[in-house]
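For reference, the chains in residue letters:
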Amino acid sequence: MAPTSGNTLDIPWEADPNVFIFNNEVPGRPKMHIHRLDMREWVRIDASYPAQMRLRDSFLRERRDEVFVSNTDESAEASKWEFFQKLVQHLPQRFPYIFDDTVPGKLYNKVLGEWVSTLRDDPEDVLVRAGRLTQEDWCIIEYNEEAGGYVLTSGIVFFPMRWSLQEKFNKVIGKIHEPVKVFTKHLQPSVYRTFLQMKPEHPLWRANWALFNDLSGPMDLYAPTAALDRNDKNEVTPYDENTGKALVFRAEYQTLIKLPETKCIVFGIRTYQRYIEDFNEVPSSDCAGLIRAIRNIDKDEKEYKSALFWSDAACKYLQNIIDSREKKVWFKGGYSLVALSVGSAVILGIGLTVAAMRAK
């Protein structure tokens, strides 16, 4: 008998972490934004879980060869298995209200009402199984002496942000990021150094952000075509009453873990996507931070991010959010001042009347 599942559950979904790494950017100084990872935050699950998991399941049925790649040599298989073991041990400990491992050889997903095998000899690839359990996409990168760096040897990526898993498969990190000039010019040496020096006991996380004017909303997550290939067809988004839903903000929360046995690095990608109108619900300081980040986009990134097509509309929209709030505060303060003045006059009038009556 399966444990309780579906609508009968009361899930304490995680709050949106608002991965706004743009607040930490410094003009003219591209950074990796690397931080130590608390393993409780390795996997993140929020209220978008059911919808995103249904979308991932449809991709497995309809475009499996586009979202999954893997070498079949002994090293790749060992790396994937070591990762999968760590994941299926972590999930029921971290999220016991979602995952149940009481049945040997199986993990039960209470939200989806599905069993996932945890056996090594199951015919379904362990990376595919990992992709059926979490909202994170997963890539395995292994060090290759001949290539002189880390190579992407397997991956399950449902929500790529302007890159194709098939195109990056079996490429060294430098080649994977070749279209990103800011990476090749400023970050590549530090990335290589970080990967080589990483220790299993010190996992890391980082994040990035982007804005798009050619996605249809929070669930338009499969975007494998590079921005440079779309720029010829793109058009400038005007600032008008439609801007709030014409622009989509996307952030990736990325984790890096080096496994102790195979020494491979597991790269996790958790995608958060929202209309820019949702910034009406975040602090003005975050709106101002995103404006600064947009205006200070490195010259090597502007074309890659297609900033020409959306930056002006985005900045004006965000500034309007800030300005409208300041006007409300001003009017509220003015109202209070008027009320205070009227109240004082009334009190003063009563006081004078009482004094006059006593004088009589």
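Our subject is the structure listed above.
Presented here is an overview of the structure given in this document. These numbers were taken from a predicted model, which means no experiment stands behind them.

### Notes on the overall build of the protein
Secondary structure assignment for the protein yields twelve helices and ten strands. Within the protein, the proportion of its 360 residues that are buried is 47%. Restricting the contact set of the protein to residue pairs at least 6 apart, pairs at least 24 apart contribute 74%. For the protein, the accessible area works out to roughly 18700 Å², and carbon and sulfur atoms hold 52% of it.

### Describing the pairing of strand S8 (residues 204-212)
Burial analysis of S8 places nine of its nine residues in the buried class, the great majority of the element. Side chains of S8 alternate between two faces, with Leu204, Arg206, Asn208, Ala210 and Phe212 and Trp205, Ala207, Trp209 and Leu211 buried alike. As defined by bridge partners, strand S1 (residues 35-36) adjoins S8 across two bridges and the pair is classed as antiparallel. Each bridged residue has a counterpart across the sheet, and for histidine 35 the counterpart in S8 is tryptophan 205.

### Here's the deal with the sheet that holds strand S3 (residues 99-100)
Here three strands make up an open sheet; going across it, the order is S3-S4-S5 and the pairing antiparallel. Each edge of the open sheet is held by one strand with a lone partner, namely S3 and strand S5 (114-117). As defined by bridge partners, S3 adjoins strand S4 (residues 106-109) across two bridges and the pair is classed as antiparallel. Looking across to S4, one finds that phenylalanine 99 is bridged to asparagine 109. Sitting on the sheet, helix H3 (residues 74-94) touches S3, S4 and S5, and the angle it makes with S4 is about 45 degrees.

### Observations concerning the packing of aromatic side chains
With the rule as written, the count across this model stands at 19 aromatic pairs. Look at phenylalanine 22 and phenylalanine 249: their rings are 5.9 Å apart centre to centre, the planes differ by 85 degrees, and that puts the pair in the edge-to-face class. In this pair, phenylalanine 22 is assigned in the segment before S1 and phenylalanine 249 in strand S9 (residues 248-258), connecting sequence segments 227 residues apart. Residue classification places phenylalanine 22 among the buried residues on the basis of a relative accessible area of 2%. Among the residues examined, phenylalanine 249 registers a relative accessible area of 1% and is labelled buried. With centroids separated by 5.3 Å and ring planes inclined at 70 degrees, the aromatic side chains of tyrosine 143 and tyrosine 150 adopt a geometry described as edge-to-face. Three or more aromatic residues link up through ring pairs in this structure, and these residues are Phe20, Phe22, Trp209, Phe249 and Phe279. Seen from the ring of phenylalanine 59, arginine 63 lies directly overhead, with NZ or CZ sitting 4.8 Å from the centre.

### Some words on the sheet that holds strand S2 (residues 68-70)
Read across the open sheet, the seven strands follow the order S1-S8-S9-S10-S6-S7-S2; overall the sheet is antiparallel. The sheet is open, and its two borders are formed by S1 and S2, each paired with just one other strand. Across three bridges, the pairing between S2 and strand S7 (residues 149-156) is antiparallel. Bridge assignment links valine 69 to a residue of S7, and that residue is glycine 155. Along the sheet, H3 makes contact with S2, strand S6 (137-144), S7, S9 and strand S10 (265-275), crossing S6 at roughly 135 degrees.

Conventions we followed
- Residues numbered from 1 in each chain as written.
- Predicted model: local features only at pLDDT ≥ 70, side-chain atom pairs only at ≥ 80, totals over all residues.
- Heavy atoms only, no water.
- Helix = DSSP H or I, 4+ residues; strand = E, 2+ residues; numbered from the N terminus.
- Buried < 20%, exposed > 50% of the residue type's maximum accessible area, 1.4 Å probe, protein only.
- Contact = heavy atoms within 4.5 Å.
- Areas by Shrake-Rupley, 256 points an atom, 1.4 Å probe, with all protein chains shown as cover.
- Pairing = 2+ DSSP bridges.
- Axes fitted to C-alpha atoms, helices over the stretch in contact; angles between N-to-C directions.
- Phe/Tyr/Trp six-rings, centres within 6.5 Å; stacked < 30°, edge-to-face > 60°.
- Lys NZ or Arg CZ within 6 Å of the ring centre and 35° of its normal.

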